[in-house]
Amino acid sequence: MIKGFNTICTHAGELEDEQYKGAVSPLYMSSSYAYEGVEQKRYPRYFNTPNQEAIAKKLAALEQTAGALVFGSGMAAVSTALLAFLSKGDHVVLQRTLYGGTFNLVVEEFEKFGIEYSFAGGLEKGDFEKAVQPNTKVIYVETPSNPLLGITDLKMVAAVAREHNLVSMIDNTFASPVNQNPSQFGIDIVIHSATKYLGGHSDILAGAVCASDEHIEKVFSLGKNLGGNLSDYTVWLLERSIKTLGLRVKAQNKNALKMAKFLKKHKAVSRVFYPGLKDHPGHEIAKEQMNGFGGMLSFELDEAIDVSAFLEGLKLIKPSMSLAGVESTILSPAKTSHALVPAEELEQQGISDRLLRFSLGIEDKKDLFGDIEQALQEAGYKG
Ligand SMILES: *Cc1c(COP(=O)(O)O)cnc(C)c1O
């Protein structure tokens, strides 16, 4: 019955309102449930309230995995997943271009747990293989990556994991399940910051882990002890948000592709990074593993343009730290998300102070183009 992506978004996992026959899942706020024996304890921290179980079914259906767990934030999902498969003396290989919070978790916290780590030098197979050690247990990637939209080959990552007997993990936040289902390429654990596309309205904080029953059991086992759970009220809001996930993200994909082409042609823009453009280094792999190229892009303004004046001149597109909402937002990575990264590392990653990361919303493209154009005029563009 439930096969198509939009049908999954609207119906998968929904709870029936047996009492009043209402159209949407009832919200059960109880944190205390009748005791039904040792095996049957319902408690929010055990990920098994009615609404938590319902959203888990929807998340698993979206990512085509057997199971899923919902968390209180993307970082609760990332940290619980990583620590579930890493013990003292183990080693993890990570992609170098990672979400800042994940990078901080690794470099600030892992040492005290006795967990070793290496960052792969690039996105090629050899870069990852070179970083693998005899005690490596996990390989962790993120594609498309932040902020340059680098593309990592998921089949390659799954192959490296198989050859070295590693658990493979991906942060699939930027793609969303609309554009990429990594489990279909052999990736074991799929993680989301549901704060982004799954939530989609810039108003909730949540995370998700999707995987096989066996892997979910391990994440659950640690998760119930760490306690990074999501309140049932927010679970219910997340269910509501996901109903429009397919519609939203397809509109965002479309806007991003059109904006990428618009910026590419613009004389005030020197470079555009978007996997949907033919000259993007990851375009061919993106075509193979993605259903759409996503709603995120980044671009560099020409030397003649005052970057701060441009950002201040925008009237519709909001300067904002977060991303993936239905409203378009923009930020300067060098001044915000990557402000604490040393200049040398920034240069190595190709992040200049003229680079802007653009999260496309669902507004009409004419208005978005118009806003960019008028802000460029404000910032000294004479075209
Ligand atoms: C935002 C984000 C996270 C962290 O999610 P929170 O919900 O803020 O904890 C992780 N990975 C990526 C790619 C993100 O964009």
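Just above, that's the structure.
Keep in mind that this is a model prediction, so the values were computed, not measured.

This next bit is on helix α9 (residues 232–242). The buried fraction of α9 is high, at eight of eleven residues. Listed as buried for α9 are Asp-232, Thr-234, Val-235, Leu-237, Leu-238, Glu-239, Ser-241 and Ile-242. In the core, the buried residues of α9 are packed alongside α1 (5–11), α2 (50–63), β1 (67–71) and α10 (245–265).

Further remarks concern the packing of helix α3 (residues 74–84) against helix α4 (residues 100–113). At a closest axis distance of 11 Å, the pairing of α3 and α4 adopts a crossing angle of 40 degrees. As the angle between them shows, α3 and α4 are arranged oblique. Regarding α3 and α4, the two cross each other, and that crossing is right-handed. Contacts between α3 and α4 involve Met-75, Val-78, Ser-79, Leu-82 and Leu-83 on the former and, on the latter, Gly-101, Thr-102, Leu-105, Phe-110 and Phe-113. In terms of residue class, the contact of α3 with α4 is made up of seven nonpolar, three polar and no charged.

Checked against the element boundaries, Tyr-117 lands in strand β3 (residues 116–119). Residue Tyr-117 is classed as partly exposed on the basis of its relative accessible area of 31%. C-alpha separation for the pair Tyr-117 and Val-107, spaced ten residues apart in sequence, amounts to 8.5 Å. Tyr-117 has contacts with His-91, Val-92, Leu-94, Val-106, Val-107 and Phe-110, leaving out every residue within four places of it along the chain.

In terms of residue burial, strand β7 (residues 207–211) counts as a mostly covered element, since five of its five residues are buried. Of the two faces of β7, the one holding Gly-207, Val-209 and Ala-211 and the one holding Ala-208 and Cys-210 are both buried throughout. Bridge count for β1 against β7 is five bridges, and the pairing is antiparallel. Bridging across to β7, Gly-67 finds its partner in Ala-211. Across four bridges, strand β6 (residues 189–193) lies against β7 in antiparallel orientation. Within the sheet, the bridge partner assigned to His-192 lies in β7 and is Ala-208.

Rules behind the numbers
Residues numbered from 1 in each chain as written. Predicted model: local features only at pLDDT ≥ 70, side-chain atom pairs only at ≥ 80, totals over all residues. Heavy atoms only, no water. Buried < 20%, exposed > 50% of the residue type's maximum accessible area, 1.4 Å probe, protein only. Helix = DSSP H or I, 4+ residues; strand = E, 2+ residues; numbered from the N terminus. Contact = heavy atoms within 4.5 Å. Axes fitted to C-alpha atoms, helices over the stretch in contact; angles between N-to-C directions. Parallel < 35°, antiparallel > 145°, perpendicular 65-115°, else oblique. Left-handed = near helix turned anticlockwise from the far one by under 90°. Nonpolar A, V, L, I, M, F, W, Y, C, P; charged D, E, K, R; others polar. Pairing = 2+ DSSP bridges.

Bear in mind that shape data such as this cannot, by itself, settle questions of function.
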